[in-house]
Amino acid sequence: MNRHDLALGAGAGLLSAAAGLAAGHLVAALIGPAASPVLAVGSVVIDRTPTPLKQWAVETLGNADKPVLLGSVLAGTLLLAALGGVVARRSFPVGAGVVLLLVAVAGWAALSRPAARPVDVIPAIVTAAVALGALRWLSPDASGPREVVDGMGRRRLLVRAGVIAGGALVAGTAGQWLVARVQDVKNIALPRARRPLPPLPRGLEGRFRGVTGFQTPNEDFYRVDVNLTVPIVDHESWTLRIDGMVDRPYELTFDELLELPMIECDVTMCCVSNEVGGPYLGGARWLGVRVSDLLERAGVRSGADQILSTATDGFTISTPLSAAQDGRDMIVAVGMNGDPLPREHGFPARLVTPGLYGYVGSTKWLTRMTVTTYREEKAYWTDREWATDGPIKIASRIDTPAALKAVDAGRVVVAGVAWAPGRGISAVEVRVDDGPWQEAQFGPDAGVAYWRQWYLLWDADSGRHTLTVRARTPDGEVQTDDREPPFPDGSSGLQQIVVNVR
Ligand SMILES: Nc1nc2c(c(=O)[nH]1)N[C@H]1C(S)=C(S)[C@@H](COP(=O)(O)O)O[C@H]1N2
Ligand SMILES: [Mo]
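Residues numbered from 1 in each chain as written. Chains lettered and ligands numbered in written order. Predicted model: local features only at pLDDT ≥ 70, side-chain atom pairs only at ≥ 80, totals over all residues. Heavy atoms only, no water.

The chain carries the name Molybdopterin-dependent oxidoreductase in an unreviewed UniProt entry, which gives Aeromicrobium senzhongii as its organism.

Structure (structure tokens):
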């Protein structure tokens with residue numbers, strides 16, 4: 001096989017695979033995006049990836065972890081497809097076999113998801129049919145004499161390749177467009193809270209540039225989950241089931257949920273994987289139904305100590321039952337900052353648990369709450385050796401000045417946020433180099449479940465300076481530089497930044 005042959009074969013393999021995947025993606029957009037071949041394989045890869053590697057990916061790649069993963073899956077697929085194309089020039093059945101193998105993996109991945117339905121195999125079948133058809137069309141008839149093989153003619157081959165590439169582009173784009181269209185849920189009408197809270201005041205962001213806003217807009221709210229694509233849940237057919245160790249298990253539709261008494265609460269949510277100084281937290285006003293009300297109606301039996309919540313895709317989270325019973329505002333939320341929950345953040349309903357890290361208290365795309373015990377059942381992260389109860393550690397962050405930034409000598413605004421949701425923050429202190437701890441001023445207060453903005457006016461003299469921040473809770477805890485377990489990358493360490501003053 002010469003170079004020319006190799007290139008033609010690889011090209012045909014790549015194009016065929018791309019066309020197949022695009023067609024599969026379009027069909028998946030119509031029946032359920034999660035069954036899209038690339039996405040299905042990606043999800044299985046995520047689930048099978050060992051936790052330390054996953055953590056490493058989140059830490060080093062941040063929110064890029066998903067594009068990077070999808071990109072790798074795609075690259076691997078295309079590489080194998082190219083190989084299939086090359087082999088197909090020698091023997092079409094063997095080459096086609098390689099392509100079929102790829103599709104079989106995608107089909108298996110689509111069907112092995114917990115929420116899979118039989119129809120989810122359709123995108124894989126479409127992918128196979130289109131990919132094989134395209135490969136056949138681009139391959140010379142190997143049984144013929146050499147002249148006929150080459151005699152397909154450059155022009156004819158180019159035209160065919162163009163048709164396939166164009167079709168793939170159209171199908172892929174249409175698939176993406178369809179997915180985006182069904183995702184818009186902004187105009188669903190939500191009820192008002194029984195006792196609405198006064199609007200959150202504008203915070204320090206109105207006075208100092210660079211400070212995190214007091215209320216995080218939905219578009220800017222951090223997103224952390226194991227899903228490659230945002231689950232698209234139809235609220236008309238969605239239900240919330242409450243069962244397990246209860247006297248009267250029951251199920252609610254979305255409309256029935258909206259008829260229950262609603263409360264509003266301001267809660268700062270935070271991810272355990274947030275690094276010191278990191279971005280994985282946000283403050284929002286949530287609207288929802290108290291979990292204690294929902295459980296009361298079911299009648300919790302004695303002996304239970306866990307709420308095992310399940311998302312529409314089968315993902316589970318364990319929350320200590322006590323969080324629903326100790327008076328804090330643990331809710332099944334349907335609203336976020338005055339709008340329905342965005343799909344990214346759990347539409348139609350999610351848990352919000354003040355004071356607990358997201359992986360133990362904030363199930364998105366919630367569909368079931370099962371009252372049980374930790375002895376009986378373990379959820380996704382708990383099963384991966386993360387702490388069973390995840391109270392958020394006291395933490396603080398410097399938003400401005402940015403680390404390593406050069407600022408002019410004189411008055412410099414040092415500002416940021418501090419949080420210990422559930423306990424509240426009573427003081428924030430900043431230290432310049434080895435100097436004394438200086439007490440910062442606060443922005444507005446929205447209760448103990450919410451973060452506080454803080455600022456300090458620093459009279460800076462020129463040179464290189466190190467700023468350190470720490471927070472205190474009303475119950476006397478002082479934030480220390482503690483990055484020990486139970487959280488492998490716990491977020492309680494003291495943030496230090498270096499600033500160059502001119
Ligand atoms: N269904 C589902 N819910 C989930 C997760 C998930 O992967 N799947 N991740 C949890 C984690 S680790 C965090 S930190 C929060 C993040 O919520 P957000 O994406 O709305 O900020 O959601 C939690 N709820
Ligand atoms: Mo998280």
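Having seen the model, we can carry on.
1. Some remarks on the state of the cysteines
Quick reminder of the rule: Here, a disulfide means two cysteine sulfur atoms that sit within 2.5 Å of each other. Accessible area is worked out with a 1.4 Å probe on protein chains only. A residue is then buried under 20% of its type maximum, exposed over 50%, and partly exposed in between.
Considering all chains together, one arrives at zero disulfides under this definition. Distance from the sulfur of Cys270, which forms no disulfide, to the nearest cysteine sulfur (Cys271) is 7.0 Å. For Cys270, a relative accessible area of 0% corresponds to the buried category.

2. Things to note about the pairing of strand S11 (residues 395-400)
Defined as follows: Strands here mean DSSP runs of E at least two residues long; helices mean DSSP runs of H or I at least four residues long; both are numbered from the N terminus. Strands are treated as partners if at least two bridges between them are detected by DSSP.
With six of six residues buried, S11 lies mostly within the body of the structure. Bridge count for S11 against strand S13 (residues 410-419) is five bridges, and the pairing is antiparallel. Counted as the bridge partner of Ser396 is Ala418 from S13.

3. Section: the UniProt feature "transmembrane region" (unreviewed entry) in the chain
We apply this condition: UniProt positions are given in the numbering used here, feature names are shortened, and annotations may be inferred rather than shown by experiment.
Within this numbering scheme, the UniProt entry marks residues 68-87, 94-115, 121-138 and 158-179 as carrying the feature "transmembrane region" (unreviewed entry). With 94% helix and 0% strand, the stretch residues 121-138 has end C-alpha atoms that lie 26 Å from each other. Along residues 158-179 one finds 100% helix and 0% strand; the C-alpha atoms at either end are 32 Å apart.

4. Some words on unusual backbone geometry
The linkage connecting Phe347 with the following residue, Pro348, adopts the cis geometry, with an omega of 5°. With respect to the helices and strands, Pro348 occurs in the loop between strand S8 (339-340) and strand S9 (350-352). A cis geometry characterises the amide bond from Thr400 onward to Pro401, with omega recorded as 0°. Among the structural elements, Pro401 can be located in the loop between S11 and strand S12 (406-407). Although it is not a glycine, Trp365 sits at a positive phi angle of roughly 50°. Looking at where Trp365 falls in the secondary structure, it is placed in the loop between helix H12 (358-361) and strand S10 (366-372). Judged by its relative accessible area of 2%, Trp365 falls in the buried class. For Leu404, which is not glycine, the phi torsion reads 65° and is therefore positive. Taking the relative accessible area as the measure of exposure, Leu404 reaches 58% and is therefore exposed.

5. Considering the site of ligand 1
Filter applied, for reference: The near set for a molecule or strand comprises every residue that places at least one heavy atom within 4 Å of it. Side-chain atoms alone can form a polar contact between residues adjacent in sequence; in general such a contact is a pair of N or O atoms within 3.5 Å, and within protein one must be able to donate a hydrogen while the other accepts it. Surface accessibility in these figures is a Shrake-Rupley result with a 1.4 Å probe; residues are shielded only by whichever protein chains are displayed. Classes in brief: Ala, Val, Leu, Ile, Met, Phe, Trp, Tyr, Cys and Pro nonpolar; Asp, Glu, Lys and Arg charged; the others, Gly included, polar.
Close contacts around ligand 1 come from 20 residues, with Tyr222, Val226, His345, Arg350 and Lys364 the closest. A distance of 3.0 Å separates an oxygen atom of ligand 1 from a polar atom in the backbone of Val224. Contact between ligand 1 and Ser362: a nitrogen atom at 3.0 Å from a main-chain N or O atom of the residue. Protein burial of ligand 1: of its 530 Å² of free accessible surface, 99% is covered by the chains. Grouping the amino acids of the shell around ligand 1 by side-chain chemistry returns 11 nonpolar, five polar and four charged.

6. Let's talk about the sheet that holds strand S17 (residues 452-460)
One open sheet holds the four strands; their spatial order is S11-S13-S17-S16, and the pairing between them is antiparallel. Only two strands of the sheet have a single partner each, and these edge strands are S11 and strand S16 (441-442). Pairing of S13 with S17, which is carried by nine bridges, proceeds in the antiparallel orientation. Pairing of Val412 across the sheet is with Trp458, part of S17.

7. Quick look at the side chain of Thr319
Selection criterion: For this analysis, residues touch if any pair of their heavy atoms sits within 4.5 Å.
Checked against the element boundaries, Thr319 lands in strand S6 (residues 316-320). For Thr319, a relative accessible area of 0% corresponds to the buried category. Reaching out from Thr319, the side chain makes a polar contact with the backbone oxygen of Val360 at a distance of 2.6 Å. With residues up to four places along the chain from it excluded, the contact list for Thr319 reads Asp305, Gln306, Ile307, Met330, Thr353, Leu356, Val360, Gly361 and Tyr374.

8. Notes on a negative patch on the surface
The test is simple: Candidate patch residues must exceed 30% relative accessible area and have no salt bridge, after which like charges are joined if within 9 Å and Val, Leu, Ile, Met, Phe, Trp or Tyr side chains if within 5 Å. Salt bridges are defined as contacts in which a side-chain nitrogen from Lys or Arg sits within 4 Å of a carboxyl oxygen from Asp or Glu. Counted charges follow a simple rule, with Lys and Arg positive, Asp and Glu negative, and His plus the chain ends left uncounted. Just so you know, the charge point we use is NZ for Lys, CZ for Arg, CG for Asp and CD for Glu.
Where like charges cluster on the molecular surface, the negative patch consists of Asp234, Glu236, Asp255, Glu256 and Glu259. Checked against the element boundaries, Glu256 lands in helix H9 (residues 254-258). Judged by relative accessible area, Glu256 falls into the partly exposed class, the value being 36%.

9. Quick look at the pattern of salt bridges
Pairing is possible between side chains of opposite charge, provided their charged atoms come close. Per the counting criterion, the structure on display carries 17 salt bridges. Across the pair Lys364 and Asp225 runs a salt bridge whose closest N-O atoms are separated by 2.9 Å. Note that Lys364 is positioned in the loop between H12 and S10 and Asp225 in the loop between helix H8 (154-182) and strand S1 (239-244), a separation of 139 residues in sequence. Under the relative-accessibility criterion, Lys364 is labelled buried at 9%. By relative accessible area, Asp225 is classed as buried at 14%. Ionic pairing is found between Glu251 and Arg241, a salt bridge with its closest N-O pair at 3.5 Å.

10. Examining the sheet that holds strand S14 (residues 427-432)
Reading across the sheet, the five strands line up as S12-S19-S18-S14-S15 and stay open at both edges, with mixed pairing between neighbours. The sheet terminates laterally at S12 and strand S15 (437-439), the two strands that pair on one side only. Pairing of S14 with S15 involves three bridges; the strand directions are antiparallel. Bridged to Arg431 within S15 is Trp437.

11. Side note on the packing of helix H1 (residues 3-31) against helix H4 (residues 65-90)
Here is the rule we go by: Helix axes are fitted to C-alpha atoms over the stretch in contact, other axes to C-alpha atoms as well, and angles between N-to-C directions run from 0 to 180 degrees. Oblique is the label for every angle not falling under 35 degrees (roughly parallel), over 145 degrees (roughly antiparallel), or within 65 to 115 degrees (roughly perpendicular). Crossing handedness follows the turn of the near helix against the far one: under a right angle anticlockwise gives a left-handed crossing, and clockwise gives a right-handed one.
Close contact between H1 and H4 brings their axes to 6 Å; oriented N to C, the two are set at 130°. On the basis of their axis angle, the class for H1 and H4 is oblique. Both H1 and H4 take part in a crossing whose hand is right-handed. In this structure, H1 uses Asp5, Leu6, Leu8, Gly9, Ala10, Gly13, Leu14, Ala17 and Leu21 to contact H4, whose residues at the interface are Leu74, Thr77, Leu78, Ala81, Ala82, Gly85, Val86 and Arg89. The residue makeup of the contact of H1 with H4, split by class, is 11 nonpolar, four polar and two charged.

12. Brief notes about the confidence of the model for the chain
Going by this rule: Per-residue confidence from the prediction method is given by pLDDT, with values spanning 0 to 100.
Of all residues in the chain, 91% have pLDDT values of 70 or greater, and the mean over the chain is 88. Note on residues 143-149: pLDDT under 50 across the span, and four contacts to partners over four residues away in sequence or across chains. Segment residues 485-489 is flagged for pLDDT under 50; beyond a separation of four residues in sequence, or across chains, it makes 17 contacts in the model.

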